[in-house]
Amino acid sequence: MPLLTELSYKESFFREMKKSGFEKQIKLNEPLKNHTSYRIGGPVDFYYVPENIDELKRIFSVAVKMKIPYKFIGNGTNLLIRDKGLKGIVMQLGKGFKNITQSGRILKAGAGVSLPSISQYAFKQNLSGLEFSINIPGTLGGAIINNASFRGNSISDIIRNITILTPENRIIKITKNNLKFRYRSCEFGVEKFIITKVELELAHGKKENIISKMEKNKKFRLNKQPVNGYNAGSIFKNPAGFSAGALIDKAGAKGLRKGNAEVSNVHANFIINRGNASANDILHLIREIEKRIEEKYRIHLEREIEIIGIE
Ligand code: EPU
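1. Considering unusual backbone geometry
Trans is the prevailing form of peptide bonds, just as negative phi is the prevailing case for residues other than glycine.
Part 1 of the argument: Positive phi, close to 60°, is recorded for N126, a residue that is not glycine.
Part 2 of the argument: Along the chain, N126 turns up in the loop between helix 3 (115-124) and strand 8 (127-128).
Part 3 of the argument: Phi angles above zero are rare outside glycine, and R298 is one such case at about 55°.
Part 4 of the argument: With respect to the element layout, R298 can be found in the loop between helix 7 (279-297) and strand 20 (306-308).
Part 5 of the argument: In this structure R298 comes out as exposed when scored by relative accessible area, which is 64%.

2. Looking at the domain arrangement of the protein
Part 1 of the argument: We note that the domain assignment places domain 1 (6-92), domain 2 (98-223) and domain 3 (226-308) within the protein.
Part 2 of the argument: For domain 2 versus domain 3, the separation of C-alpha centres amounts to 27 Å.
Part 3 of the argument: Taken together, the contact between domain 2 and domain 3 spans five residues of the former and six residues of the latter.
Part 4 of the argument: Counting the surface lost from both domain 2 and domain 3, the interface buries some 540 Å², and carbon and sulfur atoms represent 44% of this.
Part 5 of the argument: Contact with domain 3 buries surface across domain 2, with Y183, R184 and R221 losing the most and accounting together for 76% of the total.
Part 6 of the argument: For the pair domain 2 and domain 3, the number of links is one salt bridge.

3. What to know about the site of the ligand
Part 1 of the argument: Taken together, 20 residues form the shell around the ligand, and within it R151, Y183, R184, N238 and D249 come nearest.
Part 2 of the argument: R151 places a main-chain nitrogen or oxygen 2.5 Å from an oxygen atom of the ligand.
Part 3 of the argument: Within the side chain of Q225, an N or O atom sits 2.8 Å from an oxygen atom of the ligand.
Part 4 of the argument: Considering every element that reaches the shell around the ligand, the biggest residue donor is helix 6 (residues 244-250), with three residues.
Part 5 of the argument: For the shell around the ligand, a count of residues per class yields seven nonpolar, eight polar and five charged.
Part 6 of the argument: Two domains each provide a minimum of three residues to the shell around the ligand, namely domain 2 (98-223) and domain 3 (226-308).

4. Concerning the packing of aromatic side chains
Think of a pair of aromatic rings as described by two things: how far the centres are apart, and how the planes are tilted against each other in angle.
Part 1 of the argument: Applying the stated rule across the entire model yields seven aromatic pairs.
Part 2 of the argument: Relative to Y48, the ring of F22 lies with its centre 5.3 Å away and its plane at 40°, an arrangement referred to as tilted. Here F22, found in the loop between helix 1 (6-19) and strand 1 (27-31), pairs with Y48, found in strand 2 (residues 43-48); they are 26 residues apart in sequence, far enough to count as distant.
Part 3 of the argument: Y48 sits in the buried class, given a relative accessible area of 0%.
Part 4 of the argument: The structure contains a cluster of three or more aromatic residues connected by ring pairs, namely F60, Y70 and F72.
Part 5 of the argument: The ring of F123 has K207 lying over it, and the distance from NZ or CZ to the ring centre is 5.3 Å.

5. Let's talk about the sheet that holds strand 7 (residues 106-110)
Part 1 of the argument: Spatially, five strands are ordered 6-7-15-11-12 in an open sheet, and the strand pairing comes out antiparallel. If you trace the sheet from one side to the other, it starts and ends with strand 6 (100-103) and strand 12 (171-175), each paired once. Taken pair by pair, the neighbouring strands of this sheet meet at an average axis angle of 15°, ignoring direction.
Part 2 of the argument: Sheet topology note: the strand 7/strand 15 (residues 194-201) ladder contains five bridges and is antiparallel. Following the sheet pairing, I106 is matched in strand 15 by E201.
Part 3 of the argument: The strands that helix 2 (residues 53-65) touches are strand 11 (159-165), strand 12 and strand 15; relative to strand 15, the one it contacts most, it runs at about 140°.
Part 4 of the argument: Strands in contact with helix 3 are strand 6, strand 7 and strand 15; relative to strand 6, the strand with the most contacts, it is inclined by about 30°.

Definitions and limits used
- Residues numbered from 1 in each chain as written.
- Predicted model: local features only at pLDDT ≥ 70, side-chain atom pairs only at ≥ 80, totals over all residues.
- Heavy atoms only, no water.
- Helix = DSSP H or I, 4+ residues; strand = E, 2+ residues; numbered from the N terminus.
- Buried < 20%, exposed > 50% of the residue type's maximum accessible area, 1.4 Å probe, protein only.
- Domains from an automatic or database assignment.
- Contact = heavy atoms within 4.5 Å.
- Buried area = accessible area lost by both parts, 1.4 Å probe.
- Salt bridge = Lys/Arg side-chain N within 4 Å of Asp/Glu carboxyl O.
- Near = heavy atom within 4 Å.
- Polar contact = N/O pair within 3.5 Å; in protein donor to acceptor, adjacent residues only side chain to side chain.
- Nonpolar A, V, L, I, M, F, W, Y, C, P; charged D, E, K, R; others polar.
- Phe/Tyr/Trp six-rings, centres within 6.5 Å; stacked < 30°, edge-to-face > 60°.
- Lys NZ or Arg CZ within 6 Å of the ring centre and 35° of its normal.
- Pairing = 2+ DSSP bridges.
- Axes fitted to C-alpha atoms, helices over the stretch in contact; angles between N-to-C directions.

Right, here's the structure in full:
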């Protein structure tokens, strides 16, 4: 493809979108802070919510064909987008990816369903296994990519299979034994894709037991994790044998501030946006923590949140 100027790349993509009748739904220069749990993030050239698989296939293949950088962002809950925003297109799965159906102990759901809503759904059907996810604000698709977990239970315990769409427009079903789940990650054997559907296998349970587990999890979260201010969950993964939160706490970083960003006084592995913090403020604190932990413990903390955008 010939090298296009900034303007012509945007124009050509928009023209292509028009051909497909998508020009009304596509948003230009959309501030991504509107779509992240951090309420932080600069603008992206194009923002689109595909409402169904046909729309997704079309827009995905056009973006790939035209070499437009693309990014799917789930609920934007484990994500820090830099202040200058992103080039290309950001997509979030729409209505057609938020349905749930049940067949016995199996739940089939769109990848855009949020964990609390599928957790509630399972409860109503007397199905156990999703109680751990009642507090986790991400989507099912995102939960699989990060192998979301809470108090000893993780999404990998209950996955049956997932369906993905590749940039070549192939739809592939991957069964659990072909997914390599690890602590906070999963290998799929495919590099570029979007998860579109998920099948979970749950256990029959009693309503009172399910609700009691959910209540315990809610209480744990209220007591041990910050609920005021915007955040993106844990900033760092736990290094083997250690708790990142405990290390950061012992390094005296709780309460550190930069602008409106603050290392949480409740749990040191959370950095809170207290209002209008910038991505730079958050990044400043992240680097400060990394430096302190490196110096004090000779431990390199691995970031759990994804950090993207123009530097
Ligand atoms: N601790 C401190 N100071 C702190 C925070 C924690 O001393 O500021 C101590 C706690 O007292 C406890 C230990 O560190 O003894 C572990 O803390 P916690 O039980 O809160 O668990 P965690 O390892 O910090 C992990 C997950 C959380 C998940 C909880 C509960 C990671 C990086 N984090 O936290 O996940 O909710 O367990 O299962 O694995 C997330 O991924 O966004 C997230 C919040």
